[in-house]
Amino acid sequence: MRISIWWIRRDLRLTDNIALTAAVKSGDHVLPVFILDPALLNSSYVGNKRVVFLLEGLRHLKADLEARGGRLILREGQPLKELKILIEESGAEGIYAEEDFSPYAKQRDNQIAEELPLHLLSGLTVYHPSAVVKVDGSPYKIYTPFQHAWKSLPFSRRNSLLPIPERISTPPGIESVPFPDPPTLAIKTMFSPGESQASLHLNAFVEGDDPPIYRYAVQRDRIDTLGTSQLSPYLRFGMLSAQQAVNAAYTAIDAAPDQDASESAQTWLHELIWREFYIHILDHYPHVRTQSFRPSLRAIPWENNDRDFTAWCEGQTGFPIVDASMRQLLQTGWMHNRGRMIVASFLVKDLLIDWRWGERWFMQHLVDGDPASNNGGWQWSAGTGTDAAPYFRIFNPILQSKKFDPHGKFIRNWVPELQSVTGKFIHEPWKMSSEMQKKTGCVLGVDYPAPIVDHAIARKQALEAYAFAKEKSGSRK
DNA sequence: TGAAATGTTGGGGCG
DNA sequence: ACGCCCCAACATTTC
């Protein structure tokens, strides 16, 4: 009687699961295990919203396993220690897990592999980070060539997702710790966890008459509309596999009714490739986790003003589009991508606060918080990353607001103080006369904060700060 | 996956 | 009729 362990980490699904498939193949019994790792759960880069989503997702996975004759074993502790105990208790001969590429995961898995029969399988991305490299074997640092290389690779698993194993038999007598009570919080997250919910979301995006994917290229930029796929939390925890998403993108491209629709679906595919790109970057250049990818921008003289940071975190900067986005994050654990770019540019360039502060705050509050994508996004915004926005590309929060929330619908939804403010003043309420402020019930400095910076001045200071860093690093212009 | 500063052009007002 | 100025509107350059 051979027993294998399926060590679940961020692959909370039964469909298209390479680790589960391998575990089932190599054993008569499979022991699905999730280990609550205090080093991760208590990290300052983890917050309640994501933990709740994870725990609820595990409940769904447990039910899905039980429906197929299996069980979910939950343990709590240091993974190496817990796996040793499990092997001793069960006599398991192998541990199968989906490979993960964050610095913590790699260090943890390397250590475990030295002592235990750990088999890591590639499934987090469609292509393993080592597979998308230049002819000389070196990793890509620029997105576009990476994308071309990625697309030119043989697509062997097209339309051949791994099926759910027919029967999952878990040996008796192995105890699970009880599910911890989720941290009490009053968030109503907009995402329901679980694999079946993930499929529903995917189908809603790509299937039916005139599915949203065919309008994605334009709609995704509108912050007042849910024009994005809304799949990030599911991809984060593997309730949906990257392969499932990519296959759906290709299917939509093939079935597109016209050129625009096809290009729109391709735009979404490109976003999925961005996700793979940042996982690839974090794998090959783990130093990005703690410092700027670009050596020439490691000496930016940050101001790091605590009061400004607090105002940003709480959505009290006096810039409606920034505050609306930050409050959306606090209340739902999600922020529209356009909002992420706007608030990131604002934190880094307008407030001159270290992008790592923003990165940490996002990780604490995002349900979809992923070390690779989040770090990549922040370094992109700060201009410090691979293939990043040029340092001089500074978003004007007012123009962004007018462009992507033209009627102020999004702002009014999240910033009730501005409920009665009309017309273009919704984007810049400080321009209202004091009479109008009284009339709309939005007196600056009383009902809603006055702007904490002057964008035009802040912009110039940011350019100076970045110029200083370049100067100091000795890089030539 | 910007925006501001600067440059150019052309129509219209006007002496 | 003509030159001059103003200034949108658009284009290009710069950050």
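If you're wondering where the values come from, they're calculated on a predicted model, not measured in any experiment.

A. Highlighting the overall build of chain A. Helix and strand content of chain A: 20 helices and 5 strands. What you see for chain A is a C-alpha radius of gyration of 24 Å, in line with the 23 Å of a compact globule of 477 residues. Taken over the C-alpha atoms alone, chain A extends approximately 80 × 50 × 50 Å along its principal axes. Contacts in chain A between residues far apart in sequence, at least 24 positions, make up 74% of those at least 6 positions apart.

B. Expanded view of the domain arrangement of chain A. Structurally, chain A comprises domain 1 (3-124), domain 2 (196-284) and domain 3 (295-470). For domain 1 versus domain 3, the separation of C-alpha centres amounts to 38 Å. Taken residue by residue, the interface counts 8 residues in domain 1 and 10 residues in domain 3. In terms of residue class, the side of domain 1 that touches domain 3 is made up of 3 nonpolar, 3 polar and 2 charged.

C. Inspection of the protein's contact with DNA strand B at higher detail. As a matter of local geometry, DNA strand B sits amid Trp274, Met341, Ala389, Phe392, Arg393, Ile394, Phe395, Asn396, Leu399 and Gln400. Each residue belonging to the surface near DNA strand B can be placed in one class, and the counts come to 7 nonpolar, 2 polar and 1 charged.

D. Representation of the packing of helix α13 (residues 320-332) against helix α17 (residues 397-404) within the structure. Two elements in contact, α13 and α17, have axes whose closest approach is 8 Å; the angle formed by their N-to-C orientations is 70°. Classified by the angle between their axes, α13 and α17 sit roughly perpendicular to one another. Where α13 abuts α17, its residues Pro320, Ile321 and Val322 lie against Pro397, Gln400 and Ser401. Split by residue class, the contact of α13 with α17 holds 4 nonpolar, 2 polar and no charged.

E. A look at the sheet that holds strand β3 (residues 73-76). Strands sit in the order β3-β2-β1-β4-β5 across an open sheet of 5 strands; the sheet is parallel. Taken across any chain shown, the strands that pair with only one partner, and hence form the sheet edges, are β3 and β5 (118-121). Neighbour to neighbour, the strand axes of the sheet diverge by 30° on average, direction disregarded.

F. Looking closely at helix α3 (residues 48-66). For α3, built from 19 residues, the straight-helix expectation of 27 Å at 1.5 Å per residue is met to within 8% by its first-to-last C-alpha distance of 27 Å. Those residues of α3 lying buried are Lys49, Arg50, Phe53, Leu54, Gly57, Leu58, His60, Leu61, Asp64 and Leu65. In the core, the buried residues of α3 are packed alongside β2 (29-36), α7 (195-206), α9 (232-236) and α15 (355-365).

G. Just the nonpolar core, in detail. In this structure, Ile5, Trp6, Val33 and Ala245 are the most contacted members of the largest nonpolar core, which totals 121 residues. Element by element, the count of residues in this core is highest for helix α11 (residues 259-284), at 11 residues. Once you skip the residues sitting within four places of it in the chain, alanine 245 turns out to touch Leu202, Leu231, Leu235, Leu240 and Leu272.

H. Summary view of the pairing of β2. With 7 of 8 residues buried, β2 lies mostly within the body of the structure. The sheet contact formed by strand β1 (residues 3-8) and β2 spans 6 bridges and is parallel. Among the inter-strand pairings, tryptophan 7 is bridged to a residue of β2, identified as valine 33. Between the parallel elements β1 and β2, the chain passes through helix α1 (residues 18-26) in a crossover that is right-handed. Relative to β3, β2 runs parallel, the two being bridged by 4 bridges. Within β3, the residue paired with isoleucine 35 across the bridge is arginine 75.

I. A look at the packing of helix α14 (residues 337-350) against helix α16 (residues 371-382). Relative orientation of the contacting elements α14 and α16 amounts to 55°, with a least axis distance of 9 Å. Relative to α16, α14 is oriented oblique. Viewed along their axes, α14 and α16 form a crossing whose handedness is right-handed. Contacts between α14 and α16 involve Arg340, Met341, Ala344, Ser345 and Val348 from the first element and Gly377, Trp378, Ser381 and Ala382 from the second. For the contact of α14 with α16, the per-class residue count stands at 5 nonpolar, 3 polar and 1 charged.

J. Highlighting the environment of proline 154. You can see proline 154 is positioned in the loop between α6 (143-152) and α7. Linking proline 154 and isoleucine 8, residues 146 residues apart in sequence, is a C-alpha distance of 28 Å.

K. Summary view of the pairing of β5. Here strand β4 (residues 94-98) pairs with β5 via 4 bridges, running parallel. Paired with isoleucine 95 across the bridge in β5 is leucine 118. In the classification by handedness, the crossover that spans β4, the intervening helix α5 (residues 103-115) and the parallel β5 is right-handed.

Rules of the game
Residues numbered from 1 in each chain as written. Chains lettered and ligands numbered in written order. Predicted model: local features only at pLDDT ≥ 70, side-chain atom pairs only at ≥ 80, totals over all residues. Helix = DSSP H or I, 4+ residues; strand = E, 2+ residues; numbered from the N terminus. Rg over C-alpha atoms; globule rule 2.2 N^0.38 Å. Contact = placed C-beta atoms within 7 Å. Domains from an automatic or database assignment. Nonpolar A, V, L, I, M, F, W, Y, C, P; charged D, E, K, R; others polar. Near = placed C-beta within 6 Å. Axes fitted to C-alpha atoms, helices over the stretch in contact; angles between N-to-C directions. Parallel < 35°, antiparallel > 145°, perpendicular 65-115°, else oblique. Pairing = 2+ DSSP bridges. Expected span 1.5 Å × (residues − 1). Buried ≥ 20, exposed ≤ 12 C-beta atoms within 10 Å, placed from the backbone. Core = buried A, V, L, I, M, F, W, Y, C linked by C-beta atoms within 7 Å. Right-handed = clockwise from strand over helix to strand, strands pointing away. Left-handed = near helix turned anticlockwise from the far one by under 90°.

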